[in-house]
Amino acid sequence: MFPSEGQLIAQYAPLVRRQALGLIGRLPASVELDDLMQAGMIGLLDAVRRYQEQPEAQFETYAITRIRGAMLDELRGQDWLPRSVRTKARSIEQAVQALHHQLLRPPTETEIAQEMGVGLAEYQTLLEEAHGVQVLMVEDLVQHREGLDGGALLDAAGGEGNPLDWLMRDGLRRVLVQAIENLPEREQLLLSLQFEQDLNQKEIAAVLQVTEGRVSQLRSQAVARIRAWLASHSWEPEAGQENYENLL
């Protein structure tokens, strides 16, 4: 017999905290953990009420999608990043995109700094300030389909998908994979350690033999490179495609 609404909420409530803790480490200190958890609980409740038991479906997979979506909606609603920070992040992306077209390879930090007309130390400070501008949810791209059959595809917002939605999402996934494959080896490793090995920032720093601050810089730079790649391959948010700001 399928569990009741109350049983599911009690069973999966710890999942909300785990997702919030995983997300808060990538965000500015001004974001409150309690706010994320409250939004996540709303997402869990919505998942419980919408979910229909299916032979091959996993409720946890669906619940994670709904919880994360609710948390991201909360962040967008708060407008939790100053415009100046977003502007700095966009300037980094534009410099990366311009240099990639010129050099036909990923530009180095020094080259990006020169393109922006700043010193290397100032550029690295900009990377730190841009930390958390977008939340990179690479694992979401491969988790949405796990446990769901073709007759009941669920999109990132929790509704039923249609073939066009999935075509667009698969197209985005292919471009994103290409973007990651074109990252410098060290930044590829960093993302692998974070999203595949599930290491925290301290553990990643130990593996890469750098400071935690340097991990933050490299991750911000990797995100800027990926967003620049997506923009250069026509995956701009205003293009009407699936809003990849949920992913980056």
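Refer to the structure above for everything that follows.
Rules used in this analysis
Residues numbered from 1 in each chain as written. Predicted model: local features only at pLDDT ≥ 70, side-chain atom pairs only at ≥ 80, totals over all residues. Heavy atoms only, no water. Salt bridge = Lys/Arg side-chain N within 4 Å of Asp/Glu carboxyl O. Helix = DSSP H or I, 4+ residues; strand = E, 2+ residues; numbered from the N terminus. Buried < 20%, exposed > 50% of the residue type's maximum accessible area, 1.4 Å probe, protein only. Core = buried A, V, L, I, M, F, W, Y, C linked by side-chain atoms within 4.5 Å. Contact = heavy atoms within 4.5 Å. Expected span 1.5 Å × (residues − 1). Axes fitted to C-alpha atoms, helices over the stretch in contact; angles between N-to-C directions. Parallel < 35°, antiparallel > 145°, perpendicular 65-115°, else oblique. Left-handed = near helix turned anticlockwise from the far one by under 90°. Nonpolar A, V, L, I, M, F, W, Y, C, P; charged D, E, K, R; others polar. Polar contact = N/O pair within 3.5 Å; in protein donor to acceptor, adjacent residues only side chain to side chain.

Asks: With reference to specific residues and values, describe the pattern of salt bridges.
Replies: Under the criterion given, the structure shown has eight salt bridges. A salt bridge links Glu93 to Arg90; its shortest N-O distance comes to 2.9 Å. With Glu93 and Arg90 both in helix 4 (residues 83–103), this residue pair falls three residues apart, about one helical turn. Note on Glu93: relative accessible area 6%, which makes it buried. Here Glu109 ties to Arg214 by a salt bridge, and the two come within 2.3 Å at their closest N and O atoms. Placement of Glu109 in helix 5 (residues 109–116) and of Arg214 in helix 11 (residues 212–232) is noted, with a sequence separation of 105 residues between them. Taken together, the shared-partner salt bridges in this structure form one network comprising Asp46, Arg50 and Arg66.

Asks: Give me the lowdown on the nonpolar core, citing residues and values where you can.
Replies: Core analysis: the largest hydrophobic core is formed by 21 residues, its most contacted members being Leu36, Leu44, Phe59, Ala63, Ile67, Met71 and Leu75. In terms of residue count, the dominant contributor to this core is helix 3 (residues 59–78) (eight residues). Sequence-distant contacts of Ile67, defined by excluding residues within four places in its chain, comprise Leu15, Val16, Gln19, Gly40, Gly43 and Leu44. Listed in part, the 18 residues of the second largest apolar core include Ala179, Leu190, Ile204 and Leu218.

Asks: An account of the environment of Leu33 is requested, with residue identities and associated values reported.
Replies: Residue placement: Leu33 occurs in helix 2 (residues 33–50). When its relative accessible area of 22% is taken as the criterion, Leu33 is described as partly exposed. In this structure, the C-alpha to C-alpha distance between Leu33 and Leu21, residues 12 residues apart in sequence, is 7.3 Å. The residues touching Leu33, leaving out its near neighbours within four places in the chain, are Arg17, Ala20, Leu21 and Ile24.

Asks: Describe in detail helix 9 (residues 185–196), supporting the description with residues and values.
Replies: For helix 9, built from 12 residues, the straight-helix expectation of 16 Å at 1.5 Å per residue is met to within 8% by its first-to-last C-alpha distance of 15 Å. Structurally, helix 9 contributes buried residues whose contacts are with helix 10 (201–208) and helix 11. Taken from the residues just after helix 9, Asp198 is the one with a positive phi, measuring 60°.

Asks: Got a sec to walk through the packing of helix 1 (residues 5–24) against helix 2? Specific residues and values, please.
Replies: Their axes nearest at 8 Å, the elements helix 1 and helix 2 cross at an angle of 140°. In terms of their interaxial angle, helix 1 and helix 2 are classed as oblique. Considering the relative orientation of helix 1 and helix 2, their crossing is right-handed. Residues Glu5, Leu8, Ile9, Tyr12, Ala13, Val16, Arg17, Ala20, Leu21, Leu23 and Ile24 of helix 1 touch helix 2, and the partners they reach there are Leu33, Leu36, Met37, Gly40, Met41, Leu44, Leu45, Val48 and Arg49. The class makeup of the residues in the contact of helix 1 with helix 2 is 16 nonpolar, one polar and three charged.

Asks: Could you give an account of the side chain of Arg225, with specific residues and numbers?
Replies: Tracing the sequence through the fold places Arg225 in helix 11. In this structure the side chain of Arg225 is engaged in a polar contact, spanning 2.9 Å, whose partner is the side chain of Glu187.

Asks: Residues and numbers for the packing of helix 6 (residues 120–129) against helix 11, please.
Replies: Across the interface, helix 6 lies against helix 11 with an axial gap of 8 Å and an inter-helix angle of 80°. Of the possible angle classes, the one that applies to helix 6 and helix 11 is roughly perpendicular. Across the interface between the two elements, Tyr123, Gln124, Leu127 and Glu128 of helix 6 pack against Arg214, Gln217, Ser220 and Gln221 of helix 11. In terms of residue class, the contact of helix 6 with helix 11 is built from two nonpolar, four polar and two charged.

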